[in-house]
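Observations on the model geometry
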Amino acid sequence: MSGPSPASAPDAILLRTSINGDAVSVAVEPHHTLLEVLRYQLDLIGSKQGCDKGDCGACTVQIDGKPALACLTLAVHAEGRAVTTVEGLGDAHGGCHPLQDAFDRHDAAQCGFCTPGILMSADSLLRRNPRPVSRDEVREALAGNLCRCTGYTKILDAVVDASEVMHGHGSDDAKKEVAQ
Amino acid sequence: MSEHDEPMPTHETGGHVGGVHRKVDAMERMRGVTRYTDDLKLPRMLHAKIKRSPHPHAKILSIDASAALAMPGVHAVITGRDLPTPYGIIPWTPDETALCVEKALYVGDGIACVAADDEDTAIEALEKIDVKYEVLEPLYDPEQALERRDNQINPYSRKGNLSKKVLLEFGDIDGTLEQSDLVVEGDYFFEGTTHAAIEPHCAVAHVEPSGVLTVWSATQVSHYLHRELAKVLDMPANRIRVIQPPLGGAFGGKSEPFDLEFCVAKLALMTGRPVKLLYTREEVFYSHRGRHPMKMKYRTGFTKDGKITAVDAFTILDGGAYSSFGLVTTYYSGQLLCAPYGFDAYRFHSRRAYTNKPACGPKRGHGSVQPRFAIECQIDKAAEQLGLDPIDMRLHNDIGPNAQTVNEFRVGSNGFSECLRRVRASSSWDAKRKELPYGRGLGVAGSTYISGTNYPIYPNDMPQAAVQITLDRSGRARVFSGANDIGQGSNTMLAVIAGNELGLPLEHIRVLSADTDLCPVDLGAYSSRITLMVGNACLEAAQKLRRQVTTAVGKRWDVPRKRVTLADGQAIDREDPERNVPLAEAFQWAEADEGLLSATGSYNTPKDRHGDYRGGTIGASPAYSFTAHVAEVDVDRSTGIVDVKTIWVAHDCGRALSRKIVEGQMEGSAYMGFAEAIMEQHIVDPGHNGVHPGPSLLDYRLPTFLDTPDLEALIVESPDAQGPYGAKEAGEGPLHPSIPAIANAIYDAVGVRMDSLPFTPPRVLAAIEARAAREKAGELEPHKPTLGGAQETA
């Protein structure tokens, strides 16, 4: 899907939800997915469409803090819930989440198309585990997110690094940059 | 003033080369604000969809679109007759049209395209287009297709179902094989695979009031798309602008024009409104242009001490419905095999057939991943029979630096032996291989790849790469390059080189790339050409500007120009570092002296790197990369499941301009080869009318985080005189050895030769059981009897 039907369609439903902390009211078609509404009606383009059928994870967002595939979620499901997309990931961290910083330092994003979804899944993992995470934990948590560029290695490096930074044992790279 | 009067700058100039960098464009991708093609939205934009053939081979009798056109919200419908000019990425083989004109040649071939107010309406309209077909007999098997002169698939073919044939012979192949101590014969089959970039293809077109057509496309070859659009639309190229927005992966899958780009362009011209078309994932699979299935018959001669004497290769390529890059693929299937090992006699005979399948084309390691699988397994079999260590044997055959291959390519720098030594040490090969029990094994393989092709796709004498850099009063550099950053980091590579020469931090460099209105022509992201070619062009432009800036500063300070260095955002007096000035001010001085600060650099290949026989230029490159892998596997004897534990990847990239980006290319390559070895299969099912059995990212199995082995990237640097700061390619070469290294590791683990890809559990299990039966019958000794043996499998 690359664009919505006109929102004036007769069967449109008024969706009231919260997206990245903002109250949003928008008329949506009942058969449109959250991904379609985010991308093509609200212009929140960070959530990506790689397959439109729940296989790749590039559309991963958080609904009430839990990771969800926006391409398999009807938009109306977000009624009264809090949706977080990658655009809102850094909000509580001065605009740049430690994961985003670690991905940047490790060159963990090549084309970057899967990255928003991976960041949303990884953030959920880090919030579930208020301690540094292991590579195996990251592998498990991100098994639903496909990346075709990296071979996953640098992503594992970055997520583990970010979890260490968040809990005070940052990597040497991160410390060096902070010191500067 | 000559730009060559200074010595090649050392990498301490600006301190960037060889470092670790934050990419110039990664953070906005991670914040979700980068606009990829499908993220573009223009006022009054229409949405297009393509109606596709349900038949693998059919004559189109009629197309009636009247009911679709009558629907509210439908603005236009086009068919093949609206865009009838045949085109092809290779100018000698124009054998496809934007949409089918007379015939559909595979399930999924484009028939008609609708532009409507929204995608739902467009999809509904497709159903109302009435197409009458005469169904023709499909041909799926390439050898059968070659025999069937009565059933020509592609109407533009000049030789029936033979798309291309190459026969080249060097040295006395039959005599040399006869005199060899050992001749290994092998039959190999490489199943096709596809790219599966996570971003589906997408294009948007818009006609400016001036009449200029702009096409935004998720392409990796803007220049060739520009040319083909001009040809098929019958418009002057100077009225067309092609922009490649940030791209979500490509791997060769976006390296030629596709139906969607022509369709959105035509529909935008017809309707006067912007038009977007986004492929579904299913359409991406059917559009394909992925790795060719190859059936390979090899005879390889050896001396008893393990020296390769001769290689005789006979290959059938399954090309699918169209030529794509097939002419080149057919050459590459043989031409890229003559390093890293030296030998004196070589013959290859390759034929590419048309079949009623999605067309094959270039995938990462174009045309040479398949023969590399065959030759590296041949060498492993020889090592086994000769009682030699497979790494020693490869070291023994290394062609070395400054060599000429049997097919007359000139190799410059060569770090292959160092690659082998690195993987040997890191994998603890010598100790571990002796001790691993039955079911566990180590395998090795080597390879080489090109750093760009010596000649462009259409013959011309103009530069193969060009870069323009301008400096402005704010202390900023803008780098204009036609090169396509497809995620491999080429924009960052350009910033690293420009920053290194000009002393600028990367954040003060704007790289503006892949826009045909703004940037000099570049040929695109294919054949691993960008670092060497575009890097050299960028280096030349940056050096010209550095000279202008240091001259202006030297004049102000009354010191010779060479006393001035540019680093850390400043111009500095080398002999009195306390004397320095911010670059913004230095640029202003230079602009006052010279006028607007702008310089171009360009690159063309040396023409003395190959023989002068017909085809001798294809596969020739200014510089060759080298790779060695060791793979460790754990094979489950009861299920046939191959668990690849670790792949050690040593790659000679000449010089790593940006270390983590190079490692990322090596890791991504090794992953992709691993995936092809164990999981991936791009096939259509003849039993179901030629449909793809699973055109989704679930059914076409891509490795997840849990499937992928540990990947240990070991950078080897053997600087090449042809490359910028010595750099060669890193994006494709490191894929090649994954597959044979895993095959050879499986043999080490359980004593079975996997000569057909992929190594799926049923195939591996069948091979283990066949071996067990032979062991039971006394025909074979148990594999690794002293290390836990295979006796239990019987």
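Given the structure is predicted, the values throughout are model-derived calculations rather than measurements. (Residues numbered from 1 in each chain as written. Chains lettered and ligands numbered in written order. Predicted model: local features only at pLDDT ≥ 70, side-chain atom pairs only at ≥ 80, totals over all residues.)

Quick word on the overall build of chain A
- Of the regular secondary structure elements, chain A holds six helices and five strands.
- For chain A, the α and β elements follow one another from N to C terminus as β-β-α-β-β-β-α-α-α-α-α.
- By residue count, 57% of the 180 residues in chain A fall in the buried class.
- Contacts spanning at least 24 positions in sequence make up 61% of the contacts within chain A whose residues lie at least 6 apart. (Helix = DSSP H or I, 4+ residues; strand = E, 2+ residues; numbered from the N terminus. Buried ≥ 20, exposed ≤ 12 C-beta atoms within 10 Å, placed from the backbone. Contact = placed C-beta atoms within 7 Å.)

Examining the sheet that holds strand β1 (residues 46-52) of chain B
Residue and element names in this part refer to chain B.
- With mixed pairing, seven strands are arranged side by side in an open sheet as β3-β5-β1-β12-β9-β10-β11. The open sheet has two edge strands with one neighbour each: β3 (74-79) and β11 (240-243). Going from strand to strand, the sheet's axes swing by 20 degrees on average, the running direction of each strand aside.
- Bridge analysis of strand β10 (residues 213-217) against β11 gives four bridges, and the strand direction is parallel. Paired with tryptophan 216 across the two strands is isoleucine 243, which belongs to β11.
- Helix-sheet contacts for helix α3 (residues 119-127) involve β1, β3 and β5 (110-116), and the interaxial angle to β1 is about 30 degrees. (Pairing = 2+ DSSP bridges. Axes fitted to C-alpha atoms, helices over the stretch in contact; angles between N-to-C directions.)

Quick notes on the domain arrangement of chain B
Residues and elements named next belong to chain B.
- Examined at the domain level, chain B breaks down into domain 1 (44-138 + 197-250 + 254-287), domain 2 (427-439 + 623-794) and domain 3 (462-603).
- On a C-alpha basis, the centres of domain 2 and domain 3 stand 42 Å from each other.
- Residue-level contacts link 13 residues of domain 2 with twelve residues of domain 3. (Domains from an automatic or database assignment.)

Re the pairing of strand β21 (residues 509-513) of chain B
All names here are of chain B.
- Along β21, the buried face is formed by Ile509, Val511 and Ser513; none of Arg510 and Leu512, which line the opposite face, is buried.
- Two strands pair when backbone bridges link them, and strand β20 (residues 476-481) and β21 are joined in this way by five bridges, in the parallel orientation. The residue of β21 that forms the bridge with phenylalanine 480 is leucine 512.
- For the crossover from β20 across helix α14 (residues 490-502) to β21, the handedness is right-handed. (Right-handed = clockwise from strand over helix to strand, strands pointing away.)

Concerning the sheet that holds strand β5 (residues 82-84) of chain A
Residues and elements named next belong to chain A.
- Within the open sheet, the five strands sit side by side as β2-β1-β5-β3-β4. Their pairing is mixed. Only two strands of the sheet have a single neighbouring strand rather than two, namely β2 (22-28) and β4 (66-69). Pairs of neighbouring strands in the sheet enclose a mean axial angle of 40 degrees, with direction left out of account.

Considering the confidence of the model for chain B
Residues and elements named next belong to chain B.
- Residues at a pLDDT of 70 or more form 97% of chain B, whose mean pLDDT is 96.
- Between residues 1-12, whose pLDDT stays under 50, and residues either more than four places distant or in other chains, the model counts eight contacts.
- For this predicted complex, the interface score ipTM comes out at 0.96, alongside a pTM of 0.96. (pLDDT = per-residue confidence, 0-100.)

Some remarks on the domain arrangement of chain A
Residue and element names in this part refer to chain A.
- Per the domain assignment, the segments of chain A are domain 1 (13-88) and domain 2 (91-179).
- The gap between the C-alpha centroids of domain 1 and domain 2 is 22 Å.
- Taken together, the 17 residues of domain 1 in the interface contact twelve residues of domain 2.
- Counting residues per element, the ones that place at least two in the side of domain 1 that touches domain 2 are β3 (60-63) and β4.
- With three residues, the top contributor of residues to the side of domain 1 that touches domain 2 is β3.
- For the side of domain 1 that touches domain 2, the class distribution of residues is six nonpolar, nine polar and two charged. (Nonpolar A, V, L, I, M, F, W, Y, C, P; charged D, E, K, R; others polar.)

Points about helix α7 (residues 259-271) of chain B
Residue and element names in this part refer to chain B.
- In this model, α7 (13 residues) spans 18 Å end to end at C-alpha, consistent with the 18 Å of a helix rising 1.5 Å per residue.
- Burial runs high along α7: ten of the 13 residues are buried.
- Burial in α7 covers these residues: Asp259, Leu260, Glu261, Phe262, Cys263, Val264, Ala265, Lys266, Leu267 and Ala268.
- Residue glycine 272 follows α7 closely and has a positive phi angle near 75 degrees. (Expected span 1.5 Å × (residues − 1).)

What to know about the packing of helix α15 (residues 530-557) of chain B against helix α16 (residues 583-594) of chain B
Residue and element names in this part refer to chain B.
- Across the interface, α15 lies against α16 with an axial gap of 8 Å and an inter-helix angle of 95 degrees. Viewed along their axes, α15 and α16 adopt a mutual orientation that is roughly perpendicular. Residue-level contacts link Gln548, Val549, Ala552, Val553 and Arg556 of α15 to Ala586, Phe587, Trp589, Ala590, Asp593 and Glu594 of α16.
- Here the contact of α15 with α16 is composed, by residue class, of seven nonpolar, one polar and three charged. (Parallel < 35°, antiparallel > 145°, perpendicular 65-115°, else oblique.)

Concerning the interface of chain B and chain A
- Facing the 49 residues of chain B at the interface are 46 residues of chain A.
- Looking at the side of chain B that touches chain A element by element, the count peaks at seven residues for helix α17 (residues 659-678) of chain B.
- Looking at the side of chain B that touches chain A residue by residue, the class counts come to 21 nonpolar, 13 polar and 15 charged.

Focus on the pairing of β3(A)
All names here are of chain A.
- Pairing of β3 with β4 involves four bridges; the strand directions are antiparallel. Paired with isoleucine 63 across the bridge in β4 is lysine 66.
- Counting the residues that bridge the hairpin from β3 to β4 gives two residues, and of these aspartate 64 lies at a positive phi of roughly 50 degrees.

Some details on helix α11 (residues 390-397) of chain B
Residue and element names in this part refer to chain B.
- All buried positions along α11 are accounted for by Pro390, Ile391, Met393 and Arg394. Relative to the axis of α11, the buried residues are bounded by an arc of 160 degrees and lie together on one face.
- In this fold, the buried residues of α11 make contact with α10 (369-386), α12 (416-426), α13 (429-435), β18 (440-450) and α18 (738-750). (Arc of directions from axis to C-beta.)

Quick look at the environment of A:Glu87
- As for its position among the elements, A:Glu87 is in the loop between β5 and α2 (98-105).
- Overall, the presence of 20 C-beta atoms within 10 Å leaves A:Glu87 in the buried class.
- Along the chain, A:Glu87 and A:Thr17 lie 70 residues apart, while their C-alpha atoms are 16 Å from each other.
- Discounting residues that sit within four places of it in the chain, A:Glu87 has contacts with A:Asn20, A:Leu44, A:Gly46, B:Arg31 and B:Gly32.

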